[in-house]
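Per-entry structural report
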Amino acid sequence: MQIEVISNVNEAQSERFSHRTAIVIDVLRATSTIVAALAAGAAGIVPVETVLEARALLCDGQLLAGERFCRKIPGFHLGNSPEEFTTEIVRGRRVVLTTTNGTRALHKAMRADHVLAGSLNNAAACARTALELRRDIVLLCAGSHDEFALEDGVCAGLIISQLQATGSSPLEMNDLGAAMLGLYRNTADHLYDLISGSVTGKRLIKYGSGRDVERCSQVNCSTIVPRMQGDMLVQG
Ligand SMILES: O=C(O)[C@H](CS(=O)(=O)O)OP(=O)(O)O
Ligand SMILES: [Mg+2]
């Protein structure tokens with residue numbers, strides 16, 4: 001099985017996804033938030049790229065969520081913090097979500113046969129589902145503002161280690177995949193330190209979202225695997 005890691009959205013040419021399963025990773029915070037929203041009972045998450053699109057798509061009973069510059073968008077119901085997506089608020093509801101990097105990355109991956117949302121929180125479950133889908137796998141690190149982001153890279157390494165532990169066939173990976181696997185192995189016992197010291201981690205802590213950084217750094221605390229079905233991510 002071939003595993004390819006892509007470092008950021010800007011590197012995600014559509015032909016790299018053909019006939020593959022894509023796992024889109026935005027640890028801080030979009031894909032962690034999507035996992036939290038589905039765990040809280042949301043009916044589905046509709047990822048969109050722009051604020052205008054999100055507003056245009058809003059229908060009765062749905063929620064608008066997302067951020068720009070790490071802050072909730074004016075007039076939206078929710079921001080991009082997993083903490084906000086409680087059962088009381090989201091159960092049974094569709095959520096239209098737009099974020100700076102994560103929802104763009106999800107759109108870039110749409111050419112894949114299957115699109116999953118991966119995070120540290122659901123890495124093992126995500127790896128299991130991807131193996132069941134029996135395609136080569138592309139791990140798209142959303143990155144931040146078209147650059148590589150450490151938290152997404154180390155999560156790609158964790159998912160590769162879970163694929164190795166669970167799968168029966170040998171994995172072949174690109175050099176970035178091998179590097180991220182090495183990064184994960186060398187930092188597994190102090191992931192929070194790594195992530196809280198990353199550019200995005202520091203930015204979120206500065207804006208008062210330190211609890212999100214802690215929550216998003218937890219490994220394998222969820223078995224939810226968000227999967228694209230039509231225009232929406234649902235529990236796979
Ligand atoms: O809200 C977030 O955590 C980030 C904000 S930033 O652009 O990295 O500052 O957006 P995301 O799309 O979840 O990476
Ligand atoms: Mg991010």
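For the structure itself, consult the block above.
Residues numbered from 1 in each chain as written. Chains lettered and ligands numbered in written order. Predicted model: local features only at pLDDT ≥ 70, side-chain atom pairs only at ≥ 80, totals over all residues. Heavy atoms only, no water.

1. A word on the pairing of strand S2 (residues 20–25)
Counting buried residues along S2, 6 of its 6 residues qualify, which places the element largely inside the surrounding structure. The two faces of S2 match: Arg-20, Ala-22 and Val-24 on one face and Thr-21, Ile-23 and Ile-25 on the other face are all buried. Relative to strand S8 (residues 136–141), S2 is paired through 6 bridges, and the arrangement is parallel. When the bridges of S8 are listed, Ile-25 appears paired with Cys-141. Relative to strand S7 (residues 114–118), S2 is paired through 5 bridges, and the arrangement is parallel. Each residue of the ladder has a partner; that of Ala-22, found in S7, is Val-115. (Buried < 20%, exposed > 50% of the residue type's maximum accessible area, 1.4 Å probe, protein only. Helix = DSSP H or I, 4+ residues; strand = E, 2+ residues; numbered from the N terminus. Pairing = 2+ DSSP bridges.)

2. Here we look at the coordination of the magnesium ion (ligand 2)
Only Asp-26 (OD) and Leu-28 (O) from the protein reach the magnesium ion (ligand 2) as donors, at distances of 2.1 Å. Just as Asp-26 is buried, Leu-28 falls in that class too. (Donors = N, O, S within 2.8 Å, 3.2 Å for Na, K, Ca; no water.)

3. Focus on unusual backbone geometry
Here Leu-28 and Arg-29 are connected by a cis peptide whose omega angle stands at -5°. Inspection of the secondary structure puts Arg-29 in the loop between S2 and helix H1 (30–39). The residue Cys-70 is not glycine, and still its phi comes out positive at about 70°. With respect to the helices and strands, Cys-70 occurs in the loop between strand S4 (63–68) and strand S5 (71–72). Its identity as a non-glycine residue notwithstanding, Asn-220 has a phi of 55°, on the positive side. With a relative accessible area of 31%, Asn-220 lands in the partly exposed category.

4. Some words on the site of ligand 1
Residues in close proximity to ligand 1 total 16 residues, the closest being Arg-29, Asn-80, Thr-99, Asn-101 and Arg-203. One of the backbone nitrogen or oxygen atoms of Ala-30 is found 3.0 Å away from an oxygen atom of ligand 1. Thr-99 is positioned such that a nitrogen or oxygen atom in its side chain is 2.6 Å from an oxygen atom of ligand 1. When ligand 1 sits alone it has 360 Å² of accessible area, and the protein chains cover 98% of it. Its residues assigned to classes, the shell around ligand 1 shows 4 nonpolar, 8 polar and 4 charged. (Near = heavy atom within 4 Å. Polar contact = N/O pair within 3.5 Å; in protein donor to acceptor, adjacent residues only side chain to side chain. Areas by Shrake-Rupley, 256 points an atom, 1.4 Å probe, with all protein chains shown as cover. Nonpolar A, V, L, I, M, F, W, Y, C, P; charged D, E, K, R; others polar.)

5. Some remarks on helix H7 (residues 175–187)
Along its 13 residues, H7 runs 18 Å from first to last C-alpha, staying within 8% of the 18 Å computed at 1.5 Å per residue. Those residues of H7 lying buried are Gly-177, Met-180, Leu-181, Leu-183, Tyr-184 and Thr-187. The arc enclosing the buried residues of H7, seen along the axis, measures out at 160°, which places them on a common side. Structural note: H7 exposes Asp-175, Arg-185 and Asn-186 on the side pointing more than 90 degrees away from its buried face. Tucked into the core, H7 has its buried residues touching strand S1 (2–6), helix H6 (150–166), strand S9 (172–173) and helix H8 (191–196). (Expected span 1.5 Å × (residues − 1). Arc of directions from axis to C-beta. Contact = heavy atoms within 4.5 Å.)

6. Here's the deal with the packing of aromatic side chains
In total, this model carries 0 aromatic pairs according to the counting rule given. Lying across the ring of Tyr-207, Lys-206 places its NZ or CZ 5.7 Å from the centre. (Phe/Tyr/Trp six-rings, centres within 6.5 Å; stacked < 30°, edge-to-face > 60°. Lys NZ or Arg CZ within 6 Å of the ring centre and 35° of its normal.)

7. A closer look at the packing of helix H5 (residues 123–132) against H6
Close contact between H5 and H6 brings their axes to 9 Å; oriented N to C, the two are set at 55°. Considering their axes alone, H5 and H6 lie oblique with respect to each other. The handedness of the crossing between H5 and H6 is right-handed. Each of Ala-123, Ala-124, Ala-127, Arg-128 and Leu-131 in H5 lies in contact with H6, whose residues at this interface are Leu-158, Ile-159, Gln-162, Leu-163 and Thr-166. Partitioned by chemical class, the residues of the contact of H5 with H6 number 7 nonpolar, 2 polar and 1 charged. (Axes fitted to C-alpha atoms, helices over the stretch in contact; angles between N-to-C directions. Parallel < 35°, antiparallel > 145°, perpendicular 65-115°, else oblique. Left-handed = near helix turned anticlockwise from the far one by under 90°.)

8. Some thoughts on H5
Extensive coverage of H5 is indicated by the burial of 8 of its 10 residues. Within H5, the full set of buried residues consists of Ala-123, Ala-124, Ala-125, Cys-126, Ala-127, Thr-129, Ala-130 and Leu-131. In this structure, the buried residues of H5 make contact with S2, S7, S8 and H6. Immediately downstream of H5, the backbone of Arg-134 shows phi near 55°, a positive value.

So far we have only geometry, and geometry alone does not tell us how the molecule works.
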